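Examination of the molecular architecture
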Amino acid sequence: MEDLGSVAWPPEPIRTERLLLRESEARDRAVFVELLASDEAHRYLGGARPRAELEREMPEVPQRWPGSFVVELDGTMIGQILLRRATAAGHSRPSAAGKADLGYLFLPRAWGSGYAGEACAAALDWLAGVLPGVPVVLTTQTANLASMRLAAKLGFVEVERFERWGAEQWLGTRPSAVPPVHPSGGGPE
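Quick look at the structure, then. (Residues numbered from 1 in each chain as written. Predicted model: local features only at pLDDT ≥ 70, side-chain atom pairs only at ≥ 80, totals over all residues. Heavy atoms only, no water.)

Bringing the overall build of the chain into the picture now. The helix and strand tally for the chain stands at four helices and eight strands. Secondary structure elements of the chain, listed N to C terminal, follow the sequence β-β-α-α-β-β-β-α-β-α-β-β. Across the 189 residues in the chain, those meeting the buried criterion constitute 50%. Here the contacts in the chain between residues at least 6 apart in sequence split such that 65% fall between residues at least 24 apart. Just so you have it, the chain exposes about 8,800 Å², and 51% of that area is on carbon and sulfur atoms. (Helix = DSSP H or I, 4+ residues; strand = E, 2+ residues; numbered from the N terminus. Buried < 20%, exposed > 50% of the residue type's maximum accessible area, 1.4 Å probe, protein only. Contact = heavy atoms within 4.5 Å. Areas by Shrake-Rupley, 256 points an atom, 1.4 Å probe, with all protein chains shown as cover.)

What follows is about the packing of aromatic side chains. If you walk through the whole model with that rule in mind, you get three aromatic pairs. A ring pair is formed by Trp9 and Phe69, whose centres lie 5.0 Å apart and whose planes are at 70°; its orientation type is edge-to-face. Remark: Phe69 occurs in strand S3 (residues 68-73) and Trp9 occurs in the segment before strand S1 (14-15); sequence separation between them is 60 residues. The exposure class of Trp9 is buried, given its relative accessible area of 19%. Here Phe69 and Trp126 contribute two aromatic rings whose centre-to-centre distance is 5.2 Å and whose plane-to-plane angle is 85°, an arrangement assigned as edge-to-face. Linking Phe69 in strand S3 with Trp126 in helix H3 (residues 115-130), this pair joins segments that are 57 residues apart in sequence. Neither residue differs from the other here; Phe69 and Trp126 are each classed as buried. Feature note: the residues Trp9, Phe69 and Trp126 constitute an aromatic cluster, connected by ring pairs. (Phe/Tyr/Trp six-rings, centres within 6.5 Å; stacked < 30°, edge-to-face > 60°.)

Turning next to helix H1 (residues 29-37). Of all the nine residues making up H1, seven are buried; the element is thus mostly covered by neighbouring parts of the structure. Considering only its buried residues, H1 is in contact with helix H2 (51-57), S3, strand S4 (76-85) and strand S5 (100-106).

Between its terminal C-alpha atoms H3 stretches 23 Å, which fits the 22 Å expected from 16 residues at 1.5 Å a residue. Burial analysis of H3 places twelve of its 16 residues in the buried class, the great majority of the element. Among the residues of H3, Tyr115, Ala116, Gly117, Glu118, Ala119, Cys120, Ala121, Ala122, Ala123, Leu124, Trp126 and Leu127 are the ones counted as buried. (Expected span 1.5 Å × (residues − 1).)

Printed below as a string of C-alpha cells:
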C-alpha cells in the first residue's frame, strides 16, 4: 500500500453530525495500543498484536501519514479510517491495484451506533473531493456480517471472493460515480 500521492496532508479536520476525523496526535497513543491489541476488534483481521510489543514499538504520535484519520467522539478517539492507494505488490488482489483502499477499525465499545458508517461516508466524500474519479475498494471477511452490511450501505459491490487468514474474504469496489452516502446512526459497525 502507498499513501494517496499528491493529496495535501493533513486536511482540515472533517466534522460530521457526531464525529471529528483528524490527524493523529500524541494523546491518541494509548487508544491506538488498545485498538491494535484488541482480540475482538481483530477477530476478522488475522488477530491482534501483543500489547507489550505495541507499547514498545508504537511511536509517540502513531499512524501519522496521509490517509490515516483518527475518528473522535466527544474529544476521545474511538477508531481509525485508513485510505491508501492499493498497489499490485501491497494488496493481495490484483483487481484492487491502482484504486484507493478503504479500511476502518473501531473500538468494540463504539460498535452498533453507526459511527463507522458516518466516519467512512465522510472520508469517502473527502476523497471524492481531493481525488475525483478514483474508484475505491474495500476488503472484509464474509463472516463479518456487520462489515458486509456497511459495505453495501456505502455503495460497494462485490468484485471477488478469496481465501486469506484461513477464511473467505470479500473484495468490493465503489465506482467513483457513486453519490455520497450519509448513513444515519444506529447502523452496524
